[in-house]
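Per-entry structural report
Chain by chain, the residues run as shown.
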Amino acid sequence: MPFRIVLGDITKLSVDAIVNAANSSLLGGGGVDGAIHRAAGPRLLEECRTLHGCRTGEAKITRGYDLPAKYVIHTVGPIWSGGAHGEEELLRSAYRNSLHLALKNNCESVAFPMISAGVYGYPKDQALEVAVSTIRAFLEKNEMDVTLVIFDRESFRFDVRLYSEISGYLRNTYEDERAMSGSGSLLGDMARSVAFGGAAGSRRSIFSPKKKESKACRNAMDSAPMAEAPMEASDEAVAMADEERSAPTEPRMYCAQAMSAPMDLTHALENLDESFSQALLRMIDARGLKDSECYKKANIDRKLFSKIRSDIHYRPSKQTVLAFAVALELDLQETEAFLKKAGFALSHSNKADVIVEYFIANGNYDMYSINEALFAFDQNLLGA
Ligand code: APR
């Protein structure tokens, strides 16, 4: 997964490089600096001595010694002094220079702490925004797995307004297993609530059918039948089926042919012969997207996308399907039809599904915001 947020201790991560929030002497200190030096052992300090310090916003690299990580990239974040002394640009430079140094050293994976968000006093919510937006800009142009490590929940300051809106939505919508009356599917619920005059008022107001989009593929998918939700394939079963099959690759011209004929997407999606990956490739073409634009927006790495593209029988996980639904900006009905292709359905007894449903129902397709929200509610992130 190109970008993930995890809770934990950065010194334990087996990645190519971990980033140290150091001070300009590079001779160790407290916080994550102290933890990294303790875990790496004395040889790290010996090598740091040869670097003769580091300026704020810059980055230098050493070996990782006793750490599971191969390298340590030492960077110095700004000390917060109110925000009017170039702190934001210096913090961005610390992330950017660390990422470019990782790239230069052929690192495929790198992990960051929240630079300057501890002793250096950078406001945690602003530090998070700078970290995520700088990493995002880098990943739009480069391939790398980047992890942002949150040491304790206290350090993660998610957008308060958004947090309370999602909490309210969860209160109205999320039903734990016990309360579930087997409705299973989101559309099943919607059909029932509309059929009974919107029994669950809040649900109908959120799910009142959207104005039909003009886009061909959207119209087509809107009228997808509201079937009972199929039994959700277990992730284990899906994971096992993820093995690449040797099925011959359907030439991409298949989609081109489809696009040349005025194909109605409903028919295509109802066409059970059409697989998840064929539907995906068709919708990428229908939206005039480049493959890379789509998989980057979906927080899916290039290798996995190539696997999906080359195997028409590829069986994705639910997170992968939802990630592409967000990247393609599908509405709820299109998302359900797309999930059905892979044997899944949105469920109100799954908190992560309800959170993703909140974003889609509100037309917010920003994958980084969705993943920050999923992290804030202790759920698995979208992407793969
Ligand atoms: N793993 C991941 N994150 C950690 C760990 C750890 N083991 N320990 C601390 N953190 C987090 C903190 O919770 C904080 O969110 O790292 C973030 C940065 O905090 P600091 O380590 O205090 O770094 P910073 O705010 O950049 O201040 C740097 O502190 O430790 C000294 O020598 C360092 O002088 C420098 C200053």
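Refer to the structure above for everything that follows.
Rules behind the numbers
- Residues numbered from 1 in each chain as written.
- Predicted model: local features only at pLDDT ≥ 70, side-chain atom pairs only at ≥ 80, totals over all residues.
- Heavy atoms only, no water.
- Phe/Tyr/Trp six-rings, centres within 6.5 Å; stacked < 30°, edge-to-face > 60°.
- Buried < 20%, exposed > 50% of the residue type's maximum accessible area, 1.4 Å probe, protein only.
- Lys NZ or Arg CZ within 6 Å of the ring centre and 35° of its normal.
- 1 Å grid on protein atoms, 1.4 Å probe; cavity = no way out; pocket = protein on both sides within 12 Å on 5 of 7 lines; lining within 4 Å.
- Points joined across faces, edges and corners; volume = space filled by probe spheres on them.
- Helix = DSSP H or I, 4+ residues; strand = E, 2+ residues; numbered from the N terminus.
- Nonpolar A, V, L, I, M, F, W, Y, C, P; charged D, E, K, R; others polar.
- Salt bridge = Lys/Arg side-chain N within 4 Å of Asp/Glu carboxyl O.
- Expected span 1.5 Å × (residues − 1).
- Polar contact = N/O pair within 3.5 Å; in protein donor to acceptor, adjacent residues only side chain to side chain.
- Contact = heavy atoms within 4.5 Å.
- Near = heavy atom within 4 Å.
- Areas by Shrake-Rupley, 256 points an atom, 1.4 Å probe, with all protein chains shown as cover.
- Sits in = over half its atoms within 2 Å of the grid points.

Description of the packing of aromatic side chains
One pass over the full model with this rule turns up 13 aromatic pairs. Each ring, one from Phe 158 and one from Tyr 163, has its centre 6.4 Å from the other, and the planes form 75°; the classification is edge-to-face. Classification of Phe 158 by relative accessible area gives buried; the value is 9%. When its relative accessible area of 35% is taken as the criterion, Tyr 163 is described as partly exposed. One aromatic cluster in this structure is built from Phe 156, Phe 158, Tyr 163, Phe 375 and Phe 377. Here the basic side chain of Arg 153 rests over the ring of Phe 375, its NZ or CZ set 4.6 Å away from the ring centre.

Observations concerning the layout of surface pockets
Estimates place the volume of the largest pocket at around 630 Å³. Around the largest pocket sit 27 residues that line it, and Ala 21, Gly 31, Val 32, Gly 118 and Val 119 are the ones nearest its centre. Mapped onto the lining of the largest pocket, the elements with two or more residues apiece are strand 2 (17–22), helix 1 (31–40) and strand 6 (145–150). In terms of residue count, helix 1 provides more of the lining of the largest pocket than any other element does, four residues in total. Of the residues belonging to the lining of the largest pocket, the class tally is 14 nonpolar, nine polar and four charged. Taken as a whole, the second largest pocket encloses approximately 450 Å³ of empty space.

Focus on the pattern of salt bridges
When the charged atoms of two side chains with opposite charge come close together, those side chains can pair. A complete count under the given rule lists 18 salt bridges for this structure. With a closest N to O distance of 3.5 Å, Arg 92 and Glu 129 form a salt bridge. Of this pair, Arg 92 sits in helix 3 (residues 87–104) while Glu 129 is found in helix 4 (residues 124–141), placing the two residues 37 residues apart along the sequence. Looking at Arg 92, the relative accessible area reads 14%, which means it is buried. Taking relative accessible area as the criterion, Glu 129 reaches 43% and is therefore assigned partly exposed. The salt bridge involving Lys 297 is made with Glu 329; its shortest N-O contact spans 2.7 Å. Pair noted here: Lys 297 is in helix 13 (residues 291–297) and Glu 329 is in the loop between helix 15 (318–327) and helix 16 (332–341), with a separation of 32 residues, a long-range link. Overall, the relative accessible area of 31% leaves Lys 297 in the partly exposed class. Among the ionic contacts, a cluster of salt bridges with common partners joins Glu 88, Arg 92 and Glu 129.

So, helix 5 (residues 160–173)
Compared with the 20 Å implied by 1.5 Å per residue over 14 residues, the 20 Å span of helix 5 between its first and last C-alpha is a close match. Leu 162, Ile 166, Ser 167, Gly 168, Tyr 169, Leu 170 and Thr 173 are the residues of helix 5 that are buried. You can read the cap of helix 5 off the contacts: a side-chain oxygen lies 2.9 Å from the backbone nitrogen of Arg 161, and it is on Asp 159.

A short note on the side chain of Thr 75
In this structure, Thr 75 sits in strand 4 (residues 71–76). The buried category is assigned to Thr 75, whose relative accessible area is 0%. Reaching out from Thr 75, the side chain makes a polar contact with the backbone oxygen of Glu 58 at a distance of 2.7 Å. When neighbours within four sequence positions are excluded, Thr 75 is seen to be in contact with Val 19, Asn 20, Ala 21, Ala 22, Gly 57, Glu 58, Ala 59, Ala 94, Ser 98 and Ile 115.

Some remarks on the environment of Lys 12
Here Lys 12 lies in the loop between strand 1 (3–7) and strand 2. Expressed as a C-alpha distance, the spacing of Lys 12 and Leu 67, which sit 55 residues apart in the sequence, is 7.4 Å.

So, the environment of Phe 151
Among the secondary structure elements, Phe 151 is positioned in the loop between strand 6 and helix 5. With 141 residues separating them in the primary sequence, Phe 151 and Ile 10 have C-alpha atoms 7.8 Å apart. With near-sequence residues (within four places) excluded, Phe 151 lies in contact with Leu 7, Gly 8 and Asp 9.

Remarks on the site of the ligand
In the region of the ligand, 23 residues are neighbours, and Gly 30, Val 32, Asp 33, Gly 118 and Val 119 sit closest. The separation between a nitrogen atom of the ligand and a polar side-chain atom of Asp 9 is 3.0 Å. Tyr 120 is positioned such that a nitrogen or oxygen atom in its backbone is 3.1 Å from an oxygen atom of the ligand. About the coverage of the ligand: the protein hides 91% of its 690 Å² of free accessible area. Of all the cavities here, the one that holds the ligand is the largest pocket. Listing elements by their share of the shell around the ligand, those giving two or more residues are strand 2 and helix 1. With four residues, the top contributor of residues to the shell around the ligand is helix 1.

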